[in-house]
Amino acid sequence: MAMSVGGSGGDEKPLSDINTTPLVDVMLVLLIIFLIAVPVVIQSVKLKLPNVVFDPTTTKPENVLLSVTKDSAGNCAVYWGLSKVGQQELLDRAVEKLKVEIARQGGVGNPDLELPEAHVRGDVDTPWRCIGGAIYNMQMAGFAKVGFISEPPPGSAVTRM
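What counts and what doesn't
Residues numbered from 1 in each chain as written. Predicted model: local features only at pLDDT ≥ 70, side-chain atom pairs only at ≥ 80, totals over all residues. Heavy atoms only, no water. Core = buried A, V, L, I, M, F, W, Y, C linked by side-chain atoms within 4.5 Å. Buried < 20%, exposed > 50% of the residue type's maximum accessible area, 1.4 Å probe, protein only. Helix = DSSP H or I, 4+ residues; strand = E, 2+ residues; numbered from the N terminus. Contact = heavy atoms within 4.5 Å. Polar contact = N/O pair within 3.5 Å; in protein donor to acceptor, adjacent residues only side chain to side chain. Pairing = 2+ DSSP bridges. Axes fitted to C-alpha atoms, helices over the stretch in contact; angles between N-to-C directions. Disulfide = S-S within 2.5 Å. Left-handed = near helix turned anticlockwise from the far one by under 90°. Nonpolar A, V, L, I, M, F, W, Y, C, P; charged D, E, K, R; others polar. Expected span 1.5 Å × (residues − 1). Arc of directions from axis to C-beta.

**Q** Looking at this structure, how should I read the nonpolar core?
**A** Across soluble globular proteins, nonpolar side chains have a tendency to be buried as a group. Counting residues in hydrophobic clusters, the biggest one holds 18 residues, and the most contacted among them are Leu66, Val68, Val78, Trp80, Leu90, Met138 and Phe143. Taken together, the elements giving at least two residues each to this core come down to β1 (64–70), β2 (76–80), α2 (87–104), β4 (118–122) and α3 (128–141). The dominant element in this core, judged by the number of residues it contributes, is α3, at six residues. Once residues within four sequence positions are removed from consideration, Leu90 is found in contact with Leu66, Val78, Trp80, Val85, Ala134, Asn137 and Met138.

Take a look at the structure:
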């Protein structure tokens, strides 16, 4: 039985180099995965999204506050202030409101004419067709500014970008 104990006279060191082949294999697999996955995740259409701004609402007495919800039967319910109105009545009241406000401010020729705004509060569970119908009627009546009233997240500060 033969056994080599010392070597053949040369200085042989134990192998201590790291085998990098598995590391390179893993890195190549990850590179291929990311090359395939990145185009799927990133949108290809370039858009400029609006900045989120929380502006406290300044309520003027001439502004119209609409509340839109659905009733127990699932129908749209629109409230002008606290009174429930139908779609035609909403349109008629909005036209009359603008006529009165324009006359109060001196007519259409007044250079400082400030038209009232319509503020729409929509319940979270309200179908969009209900809210969209109220917005459409207010725009058809002539309201140039129709905005949404929302509840800001708790603790959010007023920021302007």
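**Q** Help me understand the environment of Glu101 in this model?
**A** Here Glu101 lies in helix α2. Glu101 gets classed as buried once you look at its relative accessible area, which sits at 5%. Glu101 sits 15 residues away from Pro116 along the chain, and the two C-alpha atoms are 7.6 Å apart. Beyond its immediate chain neighbours, meaning those up to four positions away, Glu101 contacts Glu62 and Pro116. Here Arg104 takes part through its side chain, which lies 2.3 Å from a polar atom of the side chain of Glu101.

**Q** Please clarify how the sheet that holds β2 should be interpreted in this entry.
**A** Sheet strands line up and pair through hydrogen bonds in the backbone, either parallel or antiparallel. Taking strand neighbours across the sheet as the criterion, the five strands line up as β3-β2-β1-β4-β5 in an open arrangement whose pairing is mixed. Looking along the sheet, the strands with just one partner apiece sit at the ends: β3 (83–85) and β5 (146–148). The average angle at which neighbouring strand axes cross in this sheet is 30°, direction not considered. Strand direction decides the pairing type here: β4 and β5, joined by three bridges, are parallel.

**Q** So what exactly am I meant to see when it comes to the state of the cysteines here?
**A** Two cysteines joined by a covalent bond between their sulfur atoms form a disulfide. Summed over all chains, the structure comprises one disulfide. With a sulfur-sulfur separation of 1.9 Å, Cys76 is cross-linked through a disulfide to Cys130. Around the S-S axis, the bridge from Cys76 to Cys130 shows a dihedral of about -75° and counts as left-handed. Note that Cys76 is positioned in strand β2 and Cys130 in helix α3, a separation of 54 residues in sequence. For Cys76, a relative accessible area of 27% puts it in the partly exposed group.

**Q** Explanation requested: the packing of α2 against α3 in the structure shown.
**A** Between two packed helices, the angle of one axis relative to the other and the distance separating the axes together describe the packing. Contact geometry for α2 and α3: axes closest at 8 Å, N-to-C directions at 35°. When the axes of α2 and α3 are compared, the crossing they make is right-handed. For the pair formed by α2 and α3, the contact residues are Gln87, Leu90, Leu91, Ala94, Val95 and Leu98 on the first element and Gly133, Ala134, Asn137, Met138, Met140 and Ala141 on the second. A class-by-class count of the residues in the contact of α2 with α3 yields nine nonpolar, three polar and no charged.

**Q** Explain the environment of Asn75 to me, please; I cannot follow it from the model alone.
**A** The topology assignment puts Asn75 in the loop between β1 and β2. Judged by relative accessible area, which is 43%, Asn75 ranks as partly exposed. Along the chain, Asn75 and Pro127 lie 52 residues apart, while their C-alpha atoms are 9.3 Å from each other. Other than its neighbours up to four places away in sequence, Asn75 contacts Thr69 and Lys70.

**Q** Mind showing me how you'd approach α2 here?
**A** An α-helical turn contains 3.6 residues, so any two residues separated by three or four positions project in the same direction. Its 18 residues place the ends of α2 26 Å apart at the C-alpha level, agreeing with the 26 Å of an ideal helix rising 1.5 Å per residue. Where α2 is concerned, the buried positions are Leu90, Ala94, Leu98 and Glu101. Seen along its axis, α2 keeps its buried residues to an arc of 70°; they face one direction. α2 presents Gln88, Lys99 and Ala103 as exposed residues on the side facing more than 90 degrees away from its buried surface. Among the structural elements, β1, β2, β3 and α3 are those in contact with the buried residues of α2. Looking at the residues trailing α2, positive phi occurs at Gly106, about 105°.

Bear in mind that shape data such as this cannot, by itself, settle questions of function.
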